Amino acid sequence: PGVLFLLIAVIMKWPAALHMSHAVSGLPGDSTGSMYDLWFASSQGFNPIRTQTNGFLAFPTGLEFNGSILLPGLIPFTFGVVVTLVGNEVLAFNILVHLGLMLSGLSMYYVLRRLGGSLVLSYALGYVFMLCTFTQFASMQWPGLVQMQFIPVTYLLGFRVIERPSRERLLGLLALLSGAF
């Protein structure tokens, strides 16, 4: 199922998919700010373990990096910084958006399959989740908002804790929930 959802994400973002390292679809604004954050974090030595701020923005206190506090933002942002070190900020931005779209649909697919949904229904509603206005609009502006897979993943972890309770599963769910709010 992951390959199909990745293919759908590439089709949804087709102009950017052709030029992953030097073009961004959507309006300028948060997208360029996100690329600046990726550049700044990669050039200044990003540390995902602690909160970091950019002293050039929001003087005199500085501005926190995108997702430096919330777990659902921190994981993709850290991945984006690593991609920036290998490629560039535009490539990292586009990869984050494509992966966010793909993982959003895929995670909803798995929730529906877990709930007993048919194969066709699970694919269809995973696709609908990818297409929802908020996710599609956010994917053109700020990559942190397109990381919607954490909502269905939270449900999946909750199901696991209920089915087979264990301290490790409960701690994983609590870590995800505490980092999400």
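Residues numbered from 1 in each chain as written. Predicted model: local features only at pLDDT ≥ 70, side-chain atom pairs only at ≥ 80, totals over all residues. Heavy atoms only, no water.

1. Description of the side chain of H98
Here comes step 1: Note that H98 resides in helix α5 (residues 89-114).
Here comes step 2: Reaching out from H98, the side chain makes a polar contact with the backbone oxygen of N94 at a distance of 2.8 Å.
Here comes step 3: Setting aside residues no more than four positions away along its own chain, H98 makes contact with A9, V10, K13, A16, A17 and M20. (Helix = DSSP H or I, 4+ residues; strand = E, 2+ residues; numbered from the N terminus. Polar contact = N/O pair within 3.5 Å; in protein donor to acceptor, adjacent residues only side chain to side chain. Contact = heavy atoms within 4.5 Å.)

2. Digging into the packing of helix α1 (residues 2-12) against helix α6 (residues 119-131)
Here comes step 1: One can describe the packing of α1 onto α6 by two numbers: an axis separation of 11 Å at closest approach and a directional angle of 35 degrees. Considering the relative orientation of α1 and α6, their crossing is right-handed. Contacts between α1 and α6 involve L4, F5, I8, A9 and M12 from the former and Y123, G126, Y127, M130 and L131 from the latter.
Here comes step 2: Among the residues making up the contact of α1 with α6, the classes are represented as nine nonpolar, one polar and no charged. (Axes fitted to C-alpha atoms, helices over the stretch in contact; angles between N-to-C directions. Left-handed = near helix turned anticlockwise from the far one by under 90°. Nonpolar A, V, L, I, M, F, W, Y, C, P; charged D, E, K, R; others polar.)

3. Focus on the packing of aromatic side chains
Here comes step 1: Applying the stated criterion to the full structure yields seven aromatic pairs.
Here comes step 2: Members of the aromatic cluster, each reached through a chain of ring pairs, are F5, Y109, Y110 and Y123. (Phe/Tyr/Trp six-rings, centres within 6.5 Å; stacked < 30°, edge-to-face > 60°.)

4. Describing the packing of α1 against α5
Here comes step 1: Where α1 meets α5, the closest approach of the two axes is 8 Å, and the angle between their N-to-C directions is 140 degrees. What the angle tells us is that α1 and α5 run oblique. As α1 packs across α5, the resulting crossing turns out to be right-handed. Between α1, through G2, F5, L6, A9, V10 and M12, and α5, the contact on the second element is made entirely by H98, L101, M102, G105, L106 and Y109.
Here comes step 2: By residue class, the composition of the contact of α1 with α5 is nine nonpolar, three polar and no charged. (Parallel < 35°, antiparallel > 145°, perpendicular 65-115°, else oblique.)

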